[in-house]
Amino acid sequence: MTHILLTGIATLDIINQLDHYPAENSETRALKQFIRNGGNAANSATVLQQLGINAHLLAKRADDSNARLVYSLLEERQIDTTLCPVQKQSKTPTSYITLNEQNGSRSIVHYRDLDELQASDFTKLDLFPYDWLHFEARDCTQLHQMLKYTKTFNKPISIELEKNRAYIDNIMPYADVLFISKPFAKSRGFTNASDCLQHFAKSYNNKIITCTWGEQGAWAYANATIIHQNAFTLQNPVDTLGAGDTFNAGFIFSLVKKNMARQNNIKQALNFACRLAANKCQQNGFDQLIIPSSSIPENQTNFPD
Ligand code: FRU
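First things first, this report covers the structure right here in the doc.

Digging into the packing of helix α8 (residues 243-256) against helix α9 (residues 263-281)
- Interhelical geometry of α8 versus α9 gives an angle of 145° and a closest axis separation of 8 Å. Relative to α9, the crossing made by α8 is right-handed. Contact residues: α8 offers A243, T246, F247, G250, F251, F253, S254 and L255, while α9 offers N265, I266, Q268, A269, L270, F272, A273, C274, L276, A277, K280 and C281.
- Looking at the contact of α8 with α9 residue by residue, the class counts come to 14 nonpolar, five polar and one charged.

A word on the site of the ligand
- Inspection of the region around the ligand gives T11, D13, G38, G39, N40, N43, S95, L241, G242 and D245 as its neighbouring residues.
- Interatomic distance of 3.5 Å between a side-chain N/O atom of T11 and an oxygen atom of the ligand.
- Here an oxygen atom of the ligand and a side-chain polar atom of D13 are 2.6 Å apart.
- Protein contact buries 92% of the 310 Å² of open area that the ligand shows by itself.
- Residue assignment for the shell around the ligand shows that the elements contributing at least two residues are β2 (11-18) and α1 (40-50).

Considerations on the side chain of N100
- For N100, the position within the fold is in strand β5 (residues 94-100).
- Within the structure, the side chain of N100 is placed 2.9 Å from the backbone nitrogen of Q102, a separation counted as a polar contact.
- With residues near it in sequence (within four places) discarded, N100 still touches L18, D19, H20, Y21 and S105.

Quick notes on helix α4 (residues 140-151)
- Over its twelve residues, α4 runs 16 Å from end to end, which matches the ideal 16 Å to within 8%, given 1.5 Å per residue.
- Burial in α4 covers these residues: C140, Q142, L143, M146, L147 and T150. Projected onto a plane normal to the axis of α4, the buried residues spread over an arc of 145° and lie on a single side.
- The opening residue of α4 is D139, an N-cap whose side-chain oxygen sits 3.1 Å from the backbone nitrogen of T141.

Observations concerning the pairing of β2
- Of all eight residues making up β2, seven are buried, and the element is well covered by its neighbours.
- Across seven bridges, the pairing between β2 and strand β3 (residues 32-38) is antiparallel. Within the sheet, the bridge partner assigned to Q17 lies in β3 and is K32.
- Across seven bridges, the pairing between β2 and β5 is parallel. Along β5, the bridge assignment pairs D13 with S95.

Calculation criteria
- All residue numbers here refer to positions counted from 1 along the written sequence of the relevant chain.
- Totals for whole chains, interfaces and linings use all residues, but because this is a predicted model, local features are given only for residues with pLDDT of at least 70 and pairs of side-chain atoms are given and counted only at 80 or more.
- Calculation of side-chain values draws on the structure's entire complement of heavy atoms; hydrogens and water are dropped beforehand.
- Lines fitted to C-alpha atoms define the axes, with helix axes restricted to the stretch in contact, and inter-axis angles between N-to-C directions lie between 0 and 180 degrees.
- Helix and strand assignments follow DSSP, with helices taken as H or I runs no shorter than four residues and strands as E runs no shorter than two, numbered in order from the N terminus.
- Each crossing gets its handedness from the near helix: less than a right angle anticlockwise from the far helix is left-handed, clockwise is right-handed.
- The contact criterion used is simple: two residues touch if any of their non-hydrogen atoms lie within 4.5 Å.
- Three classes are used, and their members are as follows: Ala, Val, Leu, Ile, Met, Phe, Trp, Tyr, Cys and Pro are nonpolar, Asp, Glu, Lys and Arg are charged, and the others, Gly among them, are polar.
- One heavy atom suffices: a residue is near a molecule or strand as soon as one of its heavy atoms comes within 4 Å of it.
- Under this definition, polar contacts are N or O atom pairs within 3.5 Å; protein pairs additionally need one hydrogen-donor-capable and one acceptor-capable atom, and for neighbouring residues in sequence, both atoms have to be side-chain atoms.
- Under the convention used here, a 1.4 Å probe and the Shrake-Rupley method define accessible areas, while residue burial counts only the protein chains that appear.
- Here the expected length of a helix is defined as 1.5 Å per residue gap, with one fewer gap than residues.
- The classification of residues rests on relative accessible area computed with a 1.4 Å probe and restricted to protein chains. Under 20% of the type maximum is buried, over 50% is exposed, and intermediate values are partly exposed.
- An arc is given here, and it is the one of the directions from the helix axis to the C-beta atoms.
- When DSSP finds two or more bridges between two strands, those strands count as paired.

Here it is as structure tokens:
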């Protein structure tokens, strides 16, 4: 079985589904409410577990009643959380999410009062059992030390660059795969994914770099080539929360057992990740996700070589 360690956060997500996005200082009744576990690494772990991967999560854990709920939901989904260090007298990070039923848009208000994971929580771990290590770029000073340590195990490393953070450029050299989000690309002044990839490929020409751009689909750089995958048409977008986390999980899953250097494998990974993310947007939450077949459908021949 393949084992992947995901390092990042676990949150409590309180999701109100509305039939429109509310105006400021108005009162609106939600149609539905969902209470779920969330957080980028935790969401990706939830998806990977459904893909048959043994997903281990490493996140700082609070010791309040919400933490008991979040971690029991993760454990119900067979995610291994035994490595998570507990911070005493702390609060679980919580997201208050408004989901607009009309288009699936998700607006997040996030409250956090919990320490970030420290390098000392990580550098005592035996990484030998893992086939892949994935990191959320959060406290990049701590992450830098974790990555230095990880490198000594000679395992594939992916890093998600979701938001611009202090010292984030220092951690990029450690990745084999960099996942760049649209907000991160925009924060660096890029108005499209292709320009962003061209820029980062100059410094990191031997890495795989992806950049997702909402309805325009996703791009990937590898082997001196940039490829594009159109977004799949969504018949019924209901919940886009965690679509990027799903994309990352799908891409890692596609590559973990394959030769990462082969261009055809990158095309397949990009296609699979986009189809998986599209399926996620058409359902609430991550459970019972419809898994696309891992080969590219016959009509998907629009990849440049
Ligand atoms: C989605 C998500 C939510 C969480 C928030 C944290 O990508 O991970 O589950 O509440 O982002 O920023």
